[in-house]
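Each chain, written out:
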Amino acid sequence: MTAKIINLADPDEREHAFATVEEAERALAAMVEKFKTQGYRVEEQRPPNEKYPQFAVYDFGDAWIGTYTIEL
């Protein structure tokens, strides 16, 4: 099943499409780690009715950049 990584803050942002959910999960995990190594703050959120976690990303001034998740 195909999946994509989307930014909930900016739905028009370029999506990252993957052939499988597993590929999308690995890519999202790598994206989150990259944000962290660059010094951004990342908070994982688990909305009750959502299957996949959401990762809110904040810049150095604590401004919200976006929230990334997987969508089928």
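Scroll up a little and you will see the structure.
What you see is a predicted model, and the numbers here were worked out from it, not measured in a lab.

Visitor: Would you mind showing me how to read the packing of aromatic side chains here?
Guide: Given two aromatic rings, their pairing is described by the distance between the two centres and the angle made by the two planes. All told, the structure shown has three aromatic pairs when counted by the stated rule. Centroid distance Phe-35 to Tyr-68: 5.6 Å. Interplanar angle 35°. Geometry classified as tilted. Here Tyr-68 lies in strand β5 (residues 64-71) and Phe-35 lies in helix α1 (residues 21-37), a separation of 33 residues in the sequence. Counting every residue linked through ring pairs, the aromatic cluster contains Phe-35, Tyr-40, Phe-60 and Tyr-68. Looking at Arg-41, its charged tip hangs above the ring of Tyr-58, at a distance of 4.1 Å from the centre.

Visitor: I'm lost on the side chain of Thr-67 in this one. Help?
Guide: Within the secondary structure layout, Thr-67 lies in strand β5. Beyond its immediate chain neighbours, meaning those up to four positions away, Thr-67 contacts Ile-6, Asn-7, Leu-8, Ala-9, Gln-45, Gln-54, Phe-55 and Ala-56.

Visitor: How do you make sense of the pairing of strand β1 (residues 3-7) when you look at a structure like this?
Guide: If a strand is regular, its side chains alternate between the two faces of the sheet. Counting buried positions along β1 yields four of five residues, so the element is predominantly enclosed. Pairing analysis gives three bridges linking β1 to strand β2 (residues 16-18), with the strands arranged antiparallel. Opposite Ala-3, over in β2, you have Phe-18 as the bridge partner. Inspection of the sheet shows β1 paired to β5 by four bridges, in the antiparallel sense. Its bridge partner lying in β5, Ile-6 is registered against Thr-69.

Visitor: Help me understand α1, please; the structure alone is not making it clear to me.
Guide: At 3.6 residues per turn, the α-helix brings residues three or four places apart onto the same side. The end-to-end C-alpha separation of α1 is 24 Å, in line with the 24 Å expected for 17 residues at 1.5 Å each. Just downstream of α1 lies Gly-39, where phi reads positive at about 95°.

Visitor: Got a minute to help me understand the sheet that holds strand β4 (residues 54-58) in this structure?
Guide: Backbone hydrogen bonds are what pair the strands of a sheet, in a parallel or an antiparallel way. Strand order across the open sheet formed by five strands is β2-β1-β5-β4-β3, with antiparallel pairing between neighbours. Unpaired on one side and paired on the other, β2 and β3 (41-45) mark the two borders of the sheet. Neighbouring strand axes in the sheet, compared pairwise and without regard to direction, differ in orientation by 20° on average. Bridging between β3 and β4 involves five bridges; their strand directions are antiparallel. The residue of β4 that forms the bridge with Arg-41 is Tyr-58.

Basis of the calculations
- Residues numbered from 1 in each chain as written.
- Predicted model: local features only at pLDDT ≥ 70, side-chain atom pairs only at ≥ 80, totals over all residues.
- Heavy atoms only, no water.
- Phe/Tyr/Trp six-rings, centres within 6.5 Å; stacked < 30°, edge-to-face > 60°.
- Helix = DSSP H or I, 4+ residues; strand = E, 2+ residues; numbered from the N terminus.
- Lys NZ or Arg CZ within 6 Å of the ring centre and 35° of its normal.
- Contact = heavy atoms within 4.5 Å.
- Buried < 20%, exposed > 50% of the residue type's maximum accessible area, 1.4 Å probe, protein only.
- Pairing = 2+ DSSP bridges.
- Expected span 1.5 Å × (residues − 1).
- Axes fitted to C-alpha atoms, helices over the stretch in contact; angles between N-to-C directions.

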